[in-house]
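Secondary and tertiary structure notes
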Amino acid sequence: MTGKPGRTARGGAQTSAGDLLDLVRSGRAVTRGALQQMTGLSRATVGQRLDRLFRAGWLREGAGGPVDSPLGGRPAITLEFDGSHAVVLAADLDTRHARVALLTLTGEILAERSGALVVEDGPETVLDGLARWFAELLTETGHAPEAVCGIGLGVPGPVDSETGRVVQPPMMSGWDGYDIRGRLSRAFSEHTSAGTGIDTGTGPVPVFVDNDANLMAYGEQRTGYQDCRAFVLVKVSTGIGAGVVVDGALYRGVDGGAGDLGHIRVGTEALCRCGSYGCLAAVASGGAVARRLTEAGVPAASGSDVRDLLAAGHPEAAALAREAGRQVGDVLATVVTLLNPGVLMIAGDLAGTPFLTGVRELLYQRALPRSTAHLDVLTARLGERAGLIGAGALVVEHLYAPERVEERLAALGV
């Protein structure tokens, strides 16, 4: 590409050191010969750029691969992304509890923990609690704070991805416009005495924030449905939100508000937590089902209580979950018609057979057959780990994007 040093093009292919790393990570070219063929670079230039990646500790040589030449000869040495040179911290914050994990750069969870953490206690308290848990995970696994290359956080509200700040969140009182990135980064340093991350070049460990349903969708799509060009995950817990992945990238809308299904009006007079009447979340979320169960004499304080009742086979909980599924399915008929996804995944506290049955009943009844002809409607594969894996992937995909790689290599002096 013209205009950027070290980047040229052959058939549109980018050829910086970062682009070579991207080709290796994606599996499109995993030998020196294949990189030369893909990029049009000389053997010497490929070697020079790979050398920078080796010195940074980001690449390693693997086993011998297929012979590059049709005339035979020695097997080509394969190249591999070295996922052991750093680790990622991830957190999935719900309204009343949270889960944190330490992950490898390839998405393997090394350690995790969960516990009560109430979002209404405010960002100072909650983010400090997450940082304390992060420090405990590092101590438990024997990893130094400097090994952390980034932190990913999912929150139950709309997030402006450019700033990492939540925007008018209905369920996060006191968080609107708060500097989550800065506070979590400082809290992490305070609890670990960490300075500069070993893999970030300069500055504090970077923090990435996104909506929880977005990160769940990203985690599920990246690990099990990479070939699905349009993927939708709907999380039904305290609220109702959707994550949308199109052509491998999250679709967030103009300022992070895409997928806020819970506040679509459905013609009811029920009062929602956002202050409006008639929202879908007011009648079909885990919190709404919990309220209806309590009114019927079955104590349930939250969506997680409903989940426990469903797991125990409670008939009233199953009936109300199925009814909630029908109400959500009615809205999803429009979503499916608009986006034409290949996968519609249900996640969260209500994800299970009764709710899924209700969704399918109304979805297939209301949506055009053309929109559902190639649609799979199913429940989440990764369960409560989806958001953690998605948060980790978000960090890695940002830090190892070709343009970011160039900046980081320069900062590292290689």
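Among the seven residues in strand 13 (residues 240–246), six count as buried, and that is most of the element. When strand 12 (residues 230–236) meets strand 13, the two strands line up antiparallel, connected through seven bridges. Considered in strand 13, the bridge of Leu233 is made with Gly243. Linking strand 12 back to strand 13 in an antiparallel pair, the connection comprises three residues. The pairing of strand 13 with strand 14 (residues 249–250) spans two bridges and is antiparallel. By the bridge assignment, Val246 is partnered in strand 14 with Ala249. Hairpin connection of strand 13 to strand 14: two residues between the antiparallel strands, including Asp247 at a positive phi of 50°.

Right, let's get into the environment of Ala29. By the element assignment, Ala29 lies in the loop between helix 1 (17–26) and helix 2 (32–39). On the basis of relative accessible area, Ala29 is assigned to the buried category, the value being 1%. Not counting the four nearest positions on each side in its chain, Ala29 is found in contact with Leu23, Val24, Ala34, Leu35 and Met38.

Let's shift gears to unusual backbone geometry. For Gln168, which is not glycine, the phi torsion reads 45° and is therefore positive. Mapping Gln168 onto the fold places it in the loop between strand 10 (165–166) and helix 5 (180–192). In this structure Gln168 comes out as exposed when scored by relative accessible area, which is 63%. Of note in this structure, Asn340 is not a glycine but carries a positive phi near 50°. Among the structural elements, Asn340 can be located in the loop between helix 10 (315–339) and strand 15 (343–347). Judged by its relative accessible area of 41%, Asn340 falls in the partly exposed class.

Let us look at the sheet that holds strand 5 (residues 87–93). Spatial strand order, 7-6-5-8-11: five strands in an open sheet with mixed pairing. Two strands close off the open sheet at either side, each with one partner strand: strand 7 (109–116) and strand 11 (207–211). Strand-to-strand, the axes of this sheet are offset by a mean angle of 15°, without reference to chain direction. Where strand 8 (residues 148–155) meets strand 11, five bridges bridge the pair, whose relative direction is parallel.

Next up on the list: the packing of aromatic side chains. Enumeration according to the criterion identifies three aromatic pairs in this entry. Judged by centre distance (5.2 Å) and plane angle (75°), the rings of Phe81 and Tyr400 are edge-to-face. Residue Phe81 is found in strand 4 (residues 77–81), and its partner Tyr400 is found in the loop between helix 13 (386–399) and helix 14 (402–412); the two are separated by 319 residues along the sequence. A residue is classified by how much of its surface remains accessible, and Phe81, at 14% relative accessible area, is buried. Residue Tyr400 is classed as buried on the basis of its relative accessible area of 0%. Through successive ring pairs, a cluster of aromatic residues spans Trp58, Phe81 and Tyr400. Taking the ring centre of Phe81 as reference, the NZ or CZ of Arg25 above it sits at 5.2 Å. The ring of Tyr400 is capped by Arg408, whose NZ or CZ atom sits 4.6 Å from the centre of that ring.

Here we come to the pattern of salt bridges. One pass over the structure, following the stated rule, counts 29 salt bridges. Its salt-bridge partner being Arg273, residue Glu120 comes within 3.1 Å of it at the nearest N-O pair. In this pair, Glu120 is assigned in the loop between strand 7 and helix 4 (123–141) and Arg273 in the loop between strand 14 and helix 7 (281–284), connecting sequence segments 153 residues apart. When its relative accessible area of 43% is taken as the criterion, Arg273 is described as partly exposed.

Reading across from one edge, 14-13-12-15-16 is the order of the five strands in this open sheet, with mixed pairing throughout. Of all the strands in the sheet, just strand 14 and strand 16 (376–379) have a single pairing partner and so form its edges. Bridge count between strand 12 and strand 15: five bridges; the pairing is parallel. The residue bridging Lys235 from the neighbouring strand is Ala347, located in strand 15.

In the contact formed by helix 1 and helix 14, the axes pass within 7 Å of each other and the chain directions differ by 125°. Classed by the angle they form, the pair helix 1 and helix 14 counts as oblique. Classified by chirality, the crossing of helix 14 by helix 1 is right-handed. Contact with helix 1, carried on its side by Ala17, Gly18, Asp19, Leu21 and Asp22, involves Pro402, Val405, Glu406 and Leu409 of helix 14 and no other residues of that element. Of the residues that constitute the contact of helix 1 with helix 14, the class distribution is five nonpolar, one polar and three charged.

Structurally, Asp212 is set in helix 6 (residues 212–224). According to the relative accessible area criterion, Asp212 is buried, its value standing at 7%. Of note is the side chain of Asp212, whose polar atom sits 3.4 Å from the side chain of Asn211. In contact with Asp212, other than residues within four places in its own chain, are Asp92, Leu93, Gly154, Val155, Pro156 and Lys235.

Conventions used here
- Residues numbered from 1 in each chain as written.
- Predicted model: local features only at pLDDT ≥ 70, side-chain atom pairs only at ≥ 80, totals over all residues.
- Heavy atoms only, no water.
- Buried < 20%, exposed > 50% of the residue type's maximum accessible area, 1.4 Å probe, protein only.
- Helix = DSSP H or I, 4+ residues; strand = E, 2+ residues; numbered from the N terminus.
- Pairing = 2+ DSSP bridges.
- Contact = heavy atoms within 4.5 Å.
- Axes fitted to C-alpha atoms, helices over the stretch in contact; angles between N-to-C directions.
- Phe/Tyr/Trp six-rings, centres within 6.5 Å; stacked < 30°, edge-to-face > 60°.
- Lys NZ or Arg CZ within 6 Å of the ring centre and 35° of its normal.
- Salt bridge = Lys/Arg side-chain N within 4 Å of Asp/Glu carboxyl O.
- Parallel < 35°, antiparallel > 145°, perpendicular 65-115°, else oblique.
- Left-handed = near helix turned anticlockwise from the far one by under 90°.
- Nonpolar A, V, L, I, M, F, W, Y, C, P; charged D, E, K, R; others polar.
- Polar contact = N/O pair within 3.5 Å; in protein donor to acceptor, adjacent residues only side chain to side chain.

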